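So you can see what is in the structure, the chains are spelled out below.
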Amino acid sequence: MTVPKRPSLTLQRSIIPVHYNLKIVPCPVNFSFLGECSIELCIAEPTFSITLNAKELNIQTATARDHLLNGYSVTATSVSYNVEEETIALEFPQVLHVGSSWILDVTYIGLVNDKLNGFYRSVYTDADNNVHQLTTTQFQSTHARRAFPCWDEPAIKATFSLTLQAPQGMTCLSNMSVRSRTLLENGMQEVSFLKTPIMSTYLLAWVIGDFDYIEAYTSGEFNGERIRCRVYAPVGLADQGHYSLDLAVKSVEYFSRLFNIPYPLPKLDLVAVPDFAPGAMENWGLITFRTYALLMDEYGPQDRKHEIAATVIHEIAHQWLGNLVTMEWWSDLWLFEGIATHLAYIVVDELFPRWDIWSEFVKRIQEVLKHDSLRTSHPVEVGVANPTEITQIFDEVSYMKGASVLRMLNAWLGQDQMLLGLRKFIHKYMWSNANTEDLWVTLAEECQVDVPGFMSRWTRQTGYPVLSITELDDSSILVRQNIFLSTGDVREEEDTLLWPVPLGLATASDPTPRNIMMDTKEMVLKVDTTRWYKFNMGQTGFYRVSYPSKTLDLLGQTFGTGQLNAANRVGLLTDVAALVASGIAPTSSFLTLLKYFEDEQDYMVWAEVSLRLHELLAVWLEQPEPIMNALKEVQRRLFTKIVKRLGWEFPEGEDPSTVNLRAVAIRYAGRAGDPEIVAEARRRFNAFMKDRDVSALPPDLRFPVFEIVIRTTQGVEEYEEIVNYYRETFIPAEKVVALSVLGYSSSLELVRRTLAFAMSPEVRTQDILSAIATLRSSVVGRAELWNFMRHHWDVLYERHCADIGFLDYFVLLSIESFSTLERYQEVQAFFANKDTSAYDRILATCLEGIRMNILWLERDCKDVEQWLRVNGYLTESASTDSGKGAEGLSSAADPASKAISSGSVNGGPNLAVNMHGTSSGASSGTSTPSNGLQFLQAGIYSQHGTNVRSQVYLDGNGQASEEQARQLLQLQQDQQRHELRMQREYQLQHQQQQLQLQDEHGHSHGHGHSLNFDHGSRQQDARPRTLEREMELLSMSGDYEF
Ligand SMILES: [Zn+2]
């Protein structure tokens, strides 16, 4: 439960910067820049050296001078570069005495890279085909050091005065307003900005390029003066910023009032940057966005409005929580991300009450609930020591579990109390730093409850519980909490954790949730079990609930009566979907529950139904064609009914959620192959492509219709029309739509073309992942993407290892949807001899996910087949023993994988992993253990509690099944080994940090004192990223072969 607070890689605190004077002079011809950095310092101990962060900077000169001791200056005689720790040590021949009037002058050369972090370059083309160059920055988390030497840690705050040189006529932006602008003789201009308030290095930012803008002012009611807000967009696109600008003005006013602190800077700019790695970045006063996260034309689809609102407001919340009060260290990142996300939902709910944004929240957290139910997850609060780890921590667990547990706290304390506490917290720590504990203590003072005791369990323990309900009689139930693992194989020693669970129990006679806190393993409650009852009413809690099937039926029967709102229905559906994937319940129970949704009206619920069905179909994708067709028929019947009801036209002034529902229904009915819908989609597609008839294809229908057309053609004509549309449109979101749908083709030729196109210079690095993500929708696409990644790994690694989130997501997209043993082993074998440090978390998560898919299929493929048969989706004549693979399998997948995937069906279930309980079994008789079974392993403790075990059985009839069983067991052992290694590393890291803390208390010696004058002992990068190297890498962009 202990979270190491002090990382091993902090700079010594005996030298502290107070102010940075920074001048950046980009060289227009060779992607380099000259930097001049004068840092005002306080030196607390006499020293001969200064160590600070720098990466890929070539230091030219470094001089320290005491500006009060006139003329006393010392020039550094050597610089040691520590590549691994991303620091430089400047060595001085004379001592630097204790004083607060030191100035360190450094001149250096750096790179304007194309890595989307540090100081980087981008380019875009406007509607008149003019090409515009631009440069910008992205410093979070540890990339300021790529632009200037600095103390690049969030707790070392300073003020900044920035001067930029840029070609005359270009827009120059930074955190603050322009102080002065001078035209130089060489066609350049020099722009200086006002001094910033005290802040962390990762929040500094600048942008240089050609932009249009629109502006508006806040009312000034809560600021004393009106704040100027602007949206900057690539030339010609500023009009698409009105929606975001309006949100910005409203949220600046909202947060000023909420926190009772005026917005702290003179202006706020929101900039759409054509190449941008994260969705958005909260740089103080200069928030940068991906273009489609900020810009939208007035006809844009409704769901993007929600995304833009959540993003813009999140970033503006950071202007106070993150920028004014900053995390002490990156381990507290989650807190500020969680709060900003939580606050954004609160504000959206106030501004747009009809959106039902909290149901959307419940939908959104499903990904993190899934992620956090794998052994490879991590606690919300996690110790991070080095920059690679910091990058990997920026994941769903930080953002969405953080936001979820805060929402749970919010429900427990009451929103008004929670917001009052937050206000108090900001006032206490503004202009400074705080950690997680500081917030809990402040909230506890405000609300007089044990907030630290409650929250530490949720933020320091990995995972979350599932509540299993056992009905004792007509009036009482036993509630039991166990850790929830989606692989379903909880071992006894893993199940020792306890969470304080707010039960939120509602019943048919009293639907107002009762706030009972469960902090024991088991609890008996008085409940009328002859009628419905529900835990986690409102879905504010971060846990799953497993009901007896009778109660699930009773709950299903309430749908349509208004007793359970959309969030609750989404919660029930997603709980059941997760329970069947983990083996706590058979998959047939999920399919049975779907019938209660037939008359569902709510878009949010339908969107979730579509996703959960998609999840099931994705795992079943390589199953025999009759099974897949039957599952598609389930989907088709559900969604075609909605299309029939809503039609294809969008009446004026229609409720936005109906707009969304129509789009999702057409998409899923068409995806399931409904012939009428496919025909109508093709008709509209042709009308649109012929003369861009927008009435045939309004923006909300573009994605569904493009997808349906691409999925149902093997020819290249329509494919090329969409590629042409991608080239032609200047609306960023439309480009992403056109790019994303290409991957839905299951023709081998088109899959290869999509890969080639995604990697071509026509597609921005930030958009490559959107282009390849959809390839996972077909067997051919999965196989080709995986082949591509293996074949071009070295080039991918060279080119993208420094891009935030690129490599790990590329790995994820290439492997996570696999569901066969063979693929699992291929993945293991491929990465076995690679340096996986930049993506080891995601790799481990993917392997665990594949293992979950394999187990799920092995366990339930017969159960699903049986359900499909009993419910009339699979006729007796539709044999599954044909040996024919699913779509495209025969044409593309290699023979080996075909043999494996059909073999498990052909030869009958030689192997069954039974996790449904020895009494019930997986409902088809063949997967229930019978006489003569050879028992290979037993005793894996399961989360059901008493009478359920997880076992691997063999029928003893064939070597193949025995081999498969061994392989499955091998997977489990691999996982255990991996886990042990992670634990050991964690303990080691923790011990080191404890030792270091003791060291620091004892003042024996601070770390970082083993200064290396000796070049021989320095960490050497095998191939330092010089300018030449950079150019060489650039030229590699066309190196993909097909
Ligand atoms: Zn954020």
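Residues numbered from 1 in each chain as written. Predicted model: local features only at pLDDT ≥ 70, side-chain atom pairs only at ≥ 80, totals over all residues. Heavy atoms only, no water.

1. So, the overall build of the protein chain
Helix and strand content of the protein chain: 32 helices and 33 strands. Looking at the protein chain as a whole, 61% of its 1042 residues qualify as buried. Within the protein chain, contacts between residues at least 6 apart in sequence are counted, and of these 72% link residues at least 24 apart. For the protein chain, the computed accessible surface area is about 38,800 Å², with 51% contributed by carbon and sulfur atoms. (Helix = DSSP H or I, 4+ residues; strand = E, 2+ residues; numbered from the N terminus. Buried < 20%, exposed > 50% of the residue type's maximum accessible area, 1.4 Å probe, protein only. Contact = heavy atoms within 4.5 Å. Areas by Shrake-Rupley, 256 points an atom, 1.4 Å probe, with all protein chains shown as cover.)

2. Section: the nonpolar core
One broad trend across soluble globular proteins is that nonpolar side chains are buried collectively. Within the largest apolar cluster, 313 residues are counted, with the highest numbers of intra-cluster contacts made by Phe148, Trp206, Phe255, Leu343, Phe535, Trp620 and Phe810. Counting residues per element, this core draws most heavily on helix α28 (residues 840-870), at 13 residues. In this view, phenylalanine 148 contacts Tyr20, Leu22, Cys37, Asn53, Leu57, Tyr108, Phe139, Phe160, Thr201 and Leu204; residues no more than four positions away in its chain are not counted. (Core = buried A, V, L, I, M, F, W, Y, C linked by side-chain atoms within 4.5 Å.)

3. Quick look at the side chain of serine 256
Mapped onto the fold, serine 256 is located in helix α1 (residues 242-259). Reaching out from serine 256, the side chain makes a polar contact with the backbone oxygen of valine 252 at a distance of 2.6 Å. (Polar contact = N/O pair within 3.5 Å; in protein donor to acceptor, adjacent residues only side chain to side chain.)

4. What to know about the coordination of the zinc ion
Those donors, His314 (NE2), His318 (NE2) and Glu337 (OE), are the protein atoms that reach the zinc ion, and they lie 2.0 to 2.1 Å from it. Sequence spacing of the donors to the zinc ion: H-x3-H-x18-E. Residue histidine 318 is found in helix α3 (residues 302-318), and its partner glutamate 337 is found in helix α4 (residues 333-351); the two are separated by 19 residues along the sequence. Like glutamate 337, histidine 318 is buried. (Donors = N, O, S within 2.8 Å, 3.2 Å for Na, K, Ca; no water.)

5. Focus on the sheet that holds strand β3 (residues 47-53)
Pairing in this open sheet of three strands is antiparallel, and the strands run β3-β7-β6 from one edge to the other. Of all strands in the sheet, those bounded by a partner on one side alone are β3 and β6 (78-82). Across this sheet, the average inter-strand angle for adjacent strands is 25°, counted without regard to direction. Bridge analysis of β6 against strand β7 (residues 87-96) gives five bridges, and the strand direction is antiparallel. Within β7, the position partnered with serine 80 by the bridge is alanine 89. (Pairing = 2+ DSSP bridges. Axes fitted to C-alpha atoms, helices over the stretch in contact; angles between N-to-C directions.)

6. Thoughts on the packing of aromatic side chains
Any aromatic ring pair is given by two values, namely how distant the centres are and how the planes are angled relative to each other. As enumerated under the stated definition, the model contains 52 aromatic pairs in all. Geometrically, the ring pair formed by tyrosine 20 and phenylalanine 160 is stacked, given 4.8 Å between the ring centres and 5° between the ring planes. Here phenylalanine 160 lies in strand β11 (residues 159-167) and tyrosine 20 lies in strand β1 (residues 15-27), a separation of 140 residues in the sequence. You'll find tyrosine 20 and phenylalanine 160 in the same group, each marked buried. Ring centres of tryptophan 793 and phenylalanine 830 lie 6.0 Å apart, and the angle between their planes is 90°; on these two criteria the pair is classed as edge-to-face. With tryptophan 793 in helix α25 (residues 793-800) and phenylalanine 830 in helix α27 (residues 821-831), the pair connects residues that are 37 residues apart, well separated along the chain. This pair shows no difference in class: tryptophan 793 is buried, exactly as phenylalanine 830 is. Geometry around tyrosine 213 places arginine 230 over its ring, the cationic atom sitting 3.9 Å from the centre. When the ring centre of phenylalanine 818 is taken as reference, the NZ or CZ atom of arginine 823 above it lies at 5.2 Å. (Phe/Tyr/Trp six-rings, centres within 6.5 Å; stacked < 30°, edge-to-face > 60°. Lys NZ or Arg CZ within 6 Å of the ring centre and 35° of its normal.)

7. Let's talk about the environment of valine 441
Locating valine 441 in the fold gives a position in helix α10 (residues 436-447). A relative accessible area of 36% means that valine 441 is categorised as partly exposed. Between the C-alpha atom of valine 441 and that of proline 452, which follows or precedes it by eleven residues, the distance is 6.7 Å.

8. Remarks on the side chain of arginine 569
Checked against the element boundaries, arginine 569 lands in helix α13 (residues 566-582). Residue classification places arginine 569 among the buried positions, given a relative accessible area of 11%. Of note is the side chain of arginine 569, whose polar atom sits 2.7 Å from the side chain of glutamate 600.

9. What about the pairing of strand β2 (residues 32-43)?
Across twelve bridges, the pairing between β1 and β2 is antiparallel. Opposite isoleucine 24, over in β2, you have glycine 35 as the bridge partner. A loop of four residues connects β1 with β2, the two strands running antiparallel in sequence, and phenylalanine 31 in this loop sits at a positive phi of about 55°. Bridging between β2 and strand β8 (residues 99-111) involves eleven bridges; their strand directions are antiparallel. Its bridge partner being in β8, glycine 35 is matched across the sheet by tyrosine 108.

10. Focus on the confidence of the model for the protein chain
This prediction gives the protein chain a mean pLDDT of 84; 82% of its residues lie at or above 70. Here residues 1-7 is a poorly scored stretch, pLDDT under 50, and it has 30 contacts once near neighbours within four places are set aside; other chains count. Every residue in residues 881-960 scores below 50 in pLDDT, and together they form 159 contacts with partners more than four places removed in sequence or on other chains. (pLDDT = per-residue confidence, 0-100.)

11. Here we look at the environment of serine 38
Take serine 38: it is sitting in strand β2. For serine 38, a relative accessible area of 21% puts it in the partly exposed group. With 15 residues separating them in the primary sequence, serine 38 and lysine 23 have C-alpha atoms 8.8 Å apart. Residues contacting serine 38, with those up to four places away along its chain left out, are His19, Tyr20, Asn21, Ile103, Leu104 and Asp105. A polar contact is formed between the side chain of serine 38 and the side chain of aspartate 105, at a distance of 2.7 Å.

12. Here we look at the pattern of salt bridges
All told, the structure shown has 58 salt bridges when counted by the stated rule. Between glutamate 446 and lysine 424 there is a salt bridge, with the nearest N and O atoms lying 3.5 Å from each other. A residue pair is termed long-range when its members are at least 10 positions apart, and glutamate 446 in helix α10 and lysine 424 in helix α9 (residues 415-429) qualify at 22 residues. With relative accessibility at 23%, the residue glutamate 446 sits in the partly exposed group. In this structure, glutamate 720 and arginine 753 form a salt bridge, with 3.1 Å as the shortest nitrogen-oxygen distance. Of the two residues, glutamate 720 sits in helix α20 (residues 717-728) while arginine 753 sits in helix α22 (residues 748-758), which places them 33 residues apart along the sequence. Assessed through its relative accessible area of 35%, glutamate 720 is described here as partly exposed. Linked by salt bridges that have partners in common, Arg375, Asp489, Arg491, Glu493, Glu494, Glu848 and Arg851 make up one network. (Salt bridge = Lys/Arg side-chain N within 4 Å of Asp/Glu carboxyl O.)

13. Comments concerning the pairing of strand β23 (residues 465-473)
Bridge count between β23 and strand β24 (residues 476-483): eight bridges; the pairing is antiparallel. From the neighbouring strand, leucine 467 faces β24, where its bridge partner is glutamine 481. Connecting β23 to the antiparallel partner β24 that follows it, the hairpin turn spans two residues. Looking at chain direction, β23 and strand β30 (residues 544-546) are connected through three bridges and run parallel. In the strand pairing of β30, leucine 467 is matched with valine 545.

14. A closer look at the sheet that holds strand β10 (residues 131-138)
Sheet architecture is open: four strands sit in the order β9-β10-β15-β12, paired in antiparallel fashion. Because the sheet does not close on itself, it has two edges, and the strands there are β9 (118-125) and β12 (171-174). Mean inter-strand twist for the sheet, computed between neighbouring axes without regard to direction, equals 15°. One ladder, built from eight bridges, connects β9 with β10; its direction is antiparallel. Opposite threonine 125, over in β10, you have valine 131 as the bridge partner.

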